[in-house]
Amino acid sequence: MGGFFGVASKRDCVLELFYGVDYHSHLGTRRGGMATHGEGGFNRAIHNIENSPFRTKFDHDVAEMKGNLGIGCISDYEPQPLLIQSHLGSFAITTVGKVNNYEELLQQLYEGEHSHFQEMTSGQVNVTELIAALICEKPTIVEGIRYVQEVVDGSLTLLLMTKDGIYAARDKYGRTPLVIGRKEDGYCVSFESFAYINLGYIDYKELGPAEIVYVTPEGVETVGAPGKEMKICSFLWVYYGYPTSSYEGVNVEEMRYKCGSMLAKRDGDSVHPDVVAGVPDSGIAHAIGYANESGIPYARPFIKYTPTWPRSFMPTNQSQRNLIARMKLIPVHALIENKKLLLIDDSIVRGTQLRETTEFLYQSGAKEVHVRPACPPIMYGCKYLNFSRSKSEMELIARQMIRKREGDNCSQEVLDEYANPCTCRYAQMIEDIRKQQNFTTLRYHRLDDLLASIGIEPCKVCTYCFDGKE
């Protein structure tokens with residue numbers, strides 16, 4: 001995943017850019033970058049942030065960089081922003097998304113004008129440079145961005161900064177967000193809507209799907225009209241989004257309360273835990289919603305050690321992810337021993353981490369561990385965003401259980417049955433997961449309840465990872 005922030009100001013914007021980008025640190029842990037433009041032209045800094053926070057790596061750069069225009073990013077993949085010199089002039093560019101037809105687009109560029117690329121990431125051409133090259137295929141920047149929106153299979157949201165202003169373009173189907181803030185001396189553009197609040201900006205505009213705007217210190221001009229079809233990622237609310245953010249007018253924290261409330265209503269009087277707990281951090285709000293609805297006390301039987309441990313799925317090595325998952329949670333034995341616990345996590349992907357958490361609760365004296373994931377079983381790898389490092393759908397625990405029952409050649413019709421919570425096959429799959437994970441009971445959030453928790457038109461929300469429907 002990743003996130004970005006940009007500023008177009010009548011004054012020097014470097015400090016605002018620095019803090020705005022830093023507020024996207026929950027979206028990545030590998031690389032951070034900033035690019036500015038001022039009287040001295042373009043300037044850029046990129047650092048590895050795997051072993052230390054964004055702020056600590058860019059202190060020196062903030063003191064030296066100058067400019068009234070700036071863009072920056074947090075990325076889990078390629079180094080960016082990039083500085084590009086082309087027939088369209090000089091510009092800086094940063095992107096968030098997933099390009100499934102990367103090889104095809106690269107080959108197309110090679111065959112067209114015998115292009116060459118400088119930036120390499122893990123042995124491959126930097127995806128952001130590829131996008132820049134595609135934009136430069138057209139006579140204007142806006143036409144180039146429109147071209148990219150049409151030819152990319154997957155998703156792409158971007159910021160492109162020239163010497164005069166910033167082009168901001170949301171993904172063709174709005175799979176990721178893009179918002180604009182305003183204050184007296186300028187504007188900002190941001191992935192996360194909360195990132196500009198403490199910088200003195202107020203909400204100005206949320207871009208529609210495929211919308212392109214041109215932002216200067218003086219104003220915001222729509223240079224590419226929004227499309228009508230939207231498929232914003234439902235996982236933004238379930239997991240990725242920071243609690244203070246809102247997407248399409250729906251706040252993340254409030255949505256999670258509704259989600260937990262619906263889980264409690266589905267349970268009714270079927271379970272009687274002593275306390276409700278959320279797996280830190282993203283499971284906490286779901287658990288509060290469950291506790292508020294059910295009347296069962298909310299407690300924190302384990303605490304996340306926040307000063308140093310990042311989100312556990314970020315490292316590329318699975319054993320390192322497992323170690324971090326174990327190390328970051330510290331038990332409170334007094335709240336676990338002889339207690340019946342109902343535990344809410346945002347999701348179960350492979351099941352490795354939650355299984356270890358459950359075992360650690362039993363070892364700490366828990367009598368029962370009831371589990372309520374805050375989204376439906378994940379059945380398909382995401383085609384549109386880099387939200388999982390799974391190499392194969394068969395790494396997903398739901399698909400593993402299906403393969404045990406159905407073998408390797410499972411038809412789409414059968415998979416659809418397993419995704420339907422009203423079928424016997426779905427019930428069998430849930431029971432198989434429960435047994436393997438050693439939960440006392442297991443009930444997933446239903447897809448219809450998830451969509452109701454979000455509250456916008458279901459046709460505008462992407463649920464591909466749950467039901468395989470595009």
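Below or above, wherever it landed, is the structure these notes cover. (Residues numbered from 1 in each chain as written. Predicted model: local features only at pLDDT ≥ 70, side-chain atom pairs only at ≥ 80, totals over all residues. Heavy atoms only, no water.)

Let's shift gears to the overall build of the chain. Secondary structure summary: the chain contains 15 helices and 25 strands in total. Computed over the C-alpha atoms, the radius of gyration of the chain is 23 Å, within 12% of the 23 Å expected from 2.2 N^0.38 for a compact globule of 470 residues. Over its C-alpha atoms, taken along the principal directions, the chain stretches across nearly 65 × 45 × 40 Å. Expressed as a percentage of the 470 residues in the chain, the buried residues total 57%. Nonlocal contacts in the chain, meaning residues at least 24 apart in sequence, comprise 67% of its contacts between residues at least 6 apart. Split by element, the accessible area of the chain, about 19,500 Å² in all, is 48% carbon and sulfur. (Helix = DSSP H or I, 4+ residues; strand = E, 2+ residues; numbered from the N terminus. Rg over C-alpha atoms; globule rule 2.2 N^0.38 Å. Buried < 20%, exposed > 50% of the residue type's maximum accessible area, 1.4 Å probe, protein only. Contact = heavy atoms within 4.5 Å. Areas by Shrake-Rupley, 256 points an atom, 1.4 Å probe, with all protein chains shown as cover.)

Side chains that are three or four residues apart share a direction in an α-helix, a result of its 3.6 residues per turn. All of the buried residues along helix α11 (residues 397–406) are Ile397, Ala398, Arg399, Met401 and Ile402. If you follow the buried residues of α11, they end up packed against α12 (412–419) and α13 (424–437). Following α11 by one or two positions, Gly407 adopts a phi angle in the positive range, close to 85 degrees.

With that out of the way, let us pick up empty space enclosed by the protein. In this structure the tally under the stated criterion is 2 cavities of 30 Å³ or more. Its volume calculated, the largest cavity comes out at about 100 Å³. Around the largest cavity sit 12 residues that line it, and Cys233, Cys382, Leu385, Cys462 and Cys465 are the ones nearest its centre. In terms of residue class, the lining of the largest cavity is made up of 9 nonpolar, 1 polar and 2 charged. (1 Å grid on protein atoms, 1.4 Å probe; cavity = no way out; pocket = protein on both sides within 12 Å on 5 of 7 lines; lining within 4 Å. Points joined across faces, edges and corners; volume = space filled by probe spheres on them. Nonpolar A, V, L, I, M, F, W, Y, C, P; charged D, E, K, R; others polar.)

Moving on, we get to the nonpolar core. Of all hydrophobic cores here, the largest spans 96 residues; its most connected members are Phe235, Trp237, Tyr290, Leu361 and Met429. Per element, the largest residue contribution to this core is 6 residues, and it comes from helix α6 (residues 235–240). In terms of nonpolar packing, the next biggest core, distinct from the first, is built from 31 residues, Ile93, Cys136, Ala169 and Ile212 among them. (Core = buried A, V, L, I, M, F, W, Y, C linked by side-chain atoms within 4.5 Å.)

Taken as a whole and assessed by the stated rule, the structure comprises 0 disulfides. Note on Cys136: no disulfide assigned, nearest cysteine sulfur contributed by Cys73 at a separation of 18 Å. Note on Cys233: no disulfide assigned, nearest cysteine sulfur contributed by Cys382 at a separation of 6.0 Å. Given the relative accessible area of 10%, Cys233 is considered buried. (Disulfide = S-S within 2.5 Å.)

The next point concerns the environment of Val215. Relative to the assigned elements, Val215 resides in strand β14 (residues 212–216). Among the residues examined, Val215 registers a relative accessible area of 1% and is labelled buried. A sequence separation of 184 residues divides Val215 from Arg31, and the C-alpha atoms of the two residues are 25 Å apart.

As a further point, take the sheet that holds β14. In space, the 6 strands of this open sheet follow the order β5-β6-β9-β10-β14-β15, with antiparallel pairing throughout. Among the strands making up the open sheet, the edge pair consists of β5 (82–86) and β15 (219–224). Neighbour-to-neighbour, the strand axes of the sheet open up by a mean angle of 30 degrees, direction not taken into account. Where β5 and strand β6 (residues 89–99) come together, 5 bridges link them in antiparallel fashion. Across the sheet, Ser86 pairs through a bridge with Gly89, a residue of β6. Along the sheet, helix α4 (residues 127–135) contacts β5, β6 and β9 (154–161); its crossing angle with β6, the most-contacted strand, is approximately 120 degrees. Against the sheet, helix α5 (residues 141–151) contacts β9, β10 (166–169), β14 and β15, and its axis sits at roughly 20 degrees relative to β10. (Pairing = 2+ DSSP bridges. Axes fitted to C-alpha atoms, helices over the stretch in contact; angles between N-to-C directions.)

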